[in-house]
Amino acid sequence: MARRGLRKMRTGIVILVLLVVVGGGGYVGWVLVQRSAPVSLPTPTGQLQVGRQTFEWTDTARKDPYVAGPRKLSVFVWYPVAKGVTGRKVAYVPGQWTGLQLKAPVSILEGPLDSLHDPALDHAAVAPGRFPVVVLLPGMGFSAPMYAALAEDLASHGYLVAGVTPTYSANLTVLDGRTISSMPAANPSNLGDNSPGAIEAGDHLVNSWAADARFAATQVAKELPDSVDPAFGPSYVGHSFGGAASLEACRTDARCAAAIDIDGSQYGEVVKKGVQAPIMLLGADDSCITSVCGPDAKNDTDRNRALSLLKASTNTSWCATIPGTRHFNFTDYGAYYLAWPLRRYLPLGTIDRRRALTLENGYVSTFLSHALRNTPAPGAPACAS
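These notes cover the structure that comes with them.

So, on to the overall build of the protein chain. The number of helices and strands found in the protein chain is nine helices and eleven strands. The buried share of the protein chain, taken over its 385 residues, is 57%. Put simply, 72% of the contacts in the protein chain that link residues at least 6 apart link residues at least 24 apart. Just so you have it, the protein chain exposes about 15,100 Å², and 55% of that area is on carbon and sulfur atoms.

With that settled, consider the pairing of strand β2 (residues 70–81). A regular strand places its side chains on the two faces of the sheet in alternate fashion. For β2, the buried fraction is high: ten of the twelve residues fall into the buried class. Sheet topology places strand β1 (residues 49–63) next to β2; twelve bridges connect them, and they run antiparallel. Looking at β2, one finds that Val50 is bridged to Pro80. Remark: six residues form the turn of the hairpin made by β1 and β2, two consecutive strands paired antiparallel; Gly69 in that turn has positive phi of roughly 105°. Pairing between β2 and strand β5 (residues 160–165): five bridges, direction antiparallel. Note on β5: the bridge partner recorded for Val75 is Val164.

Two numbers describe how helix α4 (residues 196–223) lies on helix α5 (residues 241–251): the axes approach to 8 Å, and their chain directions differ by 70°. Classified by the interaxial angle, the pair formed by α4 and α5 is roughly perpendicular. Between α4 and α5 lies a crossing whose hand is right-handed. Seen from α4, the contacting residues are Gly202, Leu205, Val206, Asn207, Trp209, Ala210, Ala213 and Arg214; seen from α5, they are Phe241, Gly242, Ala244, Ala245, Glu248 and Ala249. Classifying every residue of the contact of α4 with α5 gives nine nonpolar, three polar and two charged.

About the thresholds
Residues numbered from 1 in each chain as written. Predicted model: local features only at pLDDT ≥ 70, side-chain atom pairs only at ≥ 80, totals over all residues. Heavy atoms only, no water. Helix = DSSP H or I, 4+ residues; strand = E, 2+ residues; numbered from the N terminus. Buried < 20%, exposed > 50% of the residue type's maximum accessible area, 1.4 Å probe, protein only. Contact = heavy atoms within 4.5 Å. Areas by Shrake-Rupley, 256 points an atom, 1.4 Å probe, with all protein chains shown as cover. Pairing = 2+ DSSP bridges. Axes fitted to C-alpha atoms, helices over the stretch in contact; angles between N-to-C directions. Parallel < 35°, antiparallel > 145°, perpendicular 65-115°, else oblique. Left-handed = near helix turned anticlockwise from the far one by under 90°. Nonpolar A, V, L, I, M, F, W, Y, C, P; charged D, E, K, R; others polar.

Below you can see the structure in the form of structure tokens.
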């Protein structure tokens, strides 16, 4: 789970600082020069340009499970823009979202996020036509902006992508002009250790995330009524815990057209009851979430849950593992400048990081096109069950 990687990274801050100090000023100076070089997100591979807008939506029909009042969500929406349209590019992390930058002193080893070049156009007009909706959920502790590479590639292929940041689960959310941190109840410290308590916590929490996703799917249609294709229900895509929530959202949404779990241990009723829509499970080399453990997996505790999910599901299920990847390869960490030893310390595999993003984007867009538009199937076998 993404939570494990973030926790491990925090506990290693002292080690990183010591290594930098021991390396001396020469290495620090070299890093400062390297991190100032321009870095861009990957260029989207679809035929359309991409726009982005940010929203704050309130689900007045649902009480927030963690604070008094209705549930409020920050949502980034990426969408197709016609060729030839020009305009101002978005800031990758606008305003207070710059708080996603790692904190000092480790921040010196990460390129500045506020200067990362993002190809999306700020508030450009949506391209003519109607497009399917995809709800994108981040990993535990992460925020939706950190999946822009995947979201923008999908938008360039003709999807309206709503990236939801689950309030109080993400380490950083921005709502009502202020930053909001995570709460232990919404971001359990034991999530991912496969203990009975952790599984119980995940089974409970996944319902809240799934409700967030279903609400976002409905709200996109209200926000962009002339751009949503009524022929397709929403698809749900998520990484890590967001992957588990995507499956549960699809199970509980009769409209669901497809769902993708990217390297996420499965939680909730979906493990026993399955999904009726087509699904894809996309894993890393050290993962068992596809029901077949990758070559670097150190235990198979996730395998049985994945097998249960697949046996209960009634539509086509596709599974794939991207060689050389680890958990963070499916996030925008694949595009950031990361100096050693931070790059070595994070759960990133041996694969070239930008190539990992390209492969991830290819699997996701190909599978959704197959599920929704009956184009050729992705280059991955049906899941073993």
